[in-house]
Amino acid sequence: MQLELRYDCRWSDKADEKLINDYNLLQNTVFQNNYNKELFKRKYLDNIYGPSIIIVVYSNDKPIGARAFWRNDINGVEAYQPGDVCVLEECRGRGVFTEMTKRAIAMLEEGAIIYTYPNSNSFPAHLKMGNKLVASYYPRLFSHNKYQEEHKMMLDKDYVDWWFSSSDRIKHIQRNNSYYLVIDYGLPLMYIVLAEVEKDVAKKFPKSCFGIYFYRSTKTTFYNKRKRPLYIVCKNNNISYIPTWKVDSLGY
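We now turn to the structure provided with this report. All chains use their own residue numbering, which begins from 1 and follows the written sequence. Confidence filtering applies because this is a predicted model: local features only for residues at pLDDT of at least 70, side-chain atom pairs given and counted only at 80 or more, and all residues used for totals across whole chains, interfaces and linings. Excluding hydrogens and water, the side-chain figures rest on all heavy atoms present in the structure.

As for the nonpolar core
To keep it simple, the criterion reads: Only buried residues count toward a nonpolar core, which is a set of Ala, Val, Leu, Ile, Met, Phe, Trp, Tyr and Cys residues joined through side-chain atoms within 4.5 Å. Buried means the residue's accessible area, taken with a 1.4 Å probe over protein chains only, is under 20% of the maximum for its type, while exposed means over 50%, and partly exposed covers the values in between. By definition, any uninterrupted DSSP run of H or I lasting at least four residues is a helix, any uninterrupted run of E lasting at least two residues is a strand, and each is numbered from the N terminus. Contact between two residues is taken to exist if any of their heavy atoms lie within 4.5 Å; hydrogens are not considered.
Ranked by size, the top nonpolar core spans 77 residues in total, and within it Tyr23, Leu155, Phe164, Leu181 and Ile242 carry the most contacts. Examining the composition of this core, we find that seven residues originate from one element, strand β9 (residues 190-197), more than from any other. Residues contacting Tyr23, with those up to four places away along its chain left out, are Tyr35, Phe40, Tyr44, Ile54, Ile55, Val56, Ala66, Arg67, Ala68 and Asp84.

Here you go:
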């Protein structure tokens, strides 16, 4: 059966209550999570960089698909991270995802960066769509000297206050005169280093005293080369580094 579809594409600062409610409903229906108005507001309305793109697709006024291009600038350049993609199961395979993507890209200014962190399953599809692989990151035992060699962009206070401040999963560690934010790795006493920060930013979070610490590294070792990497892909060929701490789910 041919779907009669209506695509409602807006900048987030123009989203009304119905669009927000329908967007959240789809997120919770497809992913069975707790996407609510508070998270929508923090992510899309209180965004420190500006408005994002929100799309909700309707069939006979029923919301059947949604996605967003989340504003998340890179080193002062306008940038967007596609995500929160959801289509009802009975409506998949009919080009809804592709059409949402095309319409979102058409709304962007020329030169805007589009980047994302695909999983291993969707990574090949992203390359076929013209994305460039920026980096493949593997978990490596943390050394602050090695970390600073690979990750030269510190996490700034404004970003922390906006996106990380409400998380109870984040702690800080100190190594010599440097401070880092860390987040639990899903196993007891194991953490992944998010970013280097200034001392006053680190002190906003509790201190992590014990644990094994890893960081995201492009280097493979005997213990990490079989791990699934964290891919970063981008539409722009001139981007060589995108911070791993800009993965959207870290702030949930």
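Section: the environment of Arg6
Within the secondary structure, Arg6 sits in strand β1 (residues 5-11). For Arg6 and Ser59, which are 53 residues apart along the polypeptide, the C-alpha to C-alpha distance reads 6.5 Å. For Arg6, the residues in contact, after removing those within four places along its chain, are Val56, Val57, Tyr58 and Asp61.

Some remarks on helix α2 (residues 37-45)
Where we set the bar: Here a polar contact is taken to be a pair of N or O atoms separated by no more than 3.5 Å, where protein atoms must pair a possible hydrogen donor with a possible acceptor and residues adjacent in sequence count only if both atoms sit in side chains.
Where α2 is concerned, the buried positions are Leu39, Phe40, Arg42, Lys43 and Tyr44. Taken together, the buried residues of α2 touch α1 (17-31), β2 (53-59), β3 (62-71), β4 (79-87) and α6 (157-164). Among the residues of α2, the N-terminal cap falls to Asn36, whose side-chain oxygen and the backbone nitrogen of Glu38 are separated by 3.1 Å.

Overview of the pattern of salt bridges
Cut-off, in case you're wondering: The salt bridge definition used is simple: a Lys or Arg side-chain nitrogen within 4 Å of an Asp or Glu carboxyl oxygen.
In total, this model carries 13 salt bridges according to the counting rule given. Between Arg103 and Glu99 there is a salt bridge, and its shortest N-O distance comes to 2.8 Å. Here Arg103 and its partner Glu99 are both found in helix α3 (residues 96-106), four residues apart, which amounts to about one turn of the helix. Judged by relative accessible area, which is 26%, Glu99 ranks as partly exposed. Each member of the salt-bridge network shares a partner with another, and the members are Asp8, Arg10 and Asp16.

Here we look at unusual backbone geometry
In this structure, Asn60 takes a positive phi of about 55° despite not being glycine. The topology assignment puts Asn60 in the loop between β2 and β3. Although it is not a glycine, Asn75 sits at a positive phi angle of roughly 50°. Of the residues examined, Asn75 reaches a relative accessible area of 63% and is grouped as exposed.

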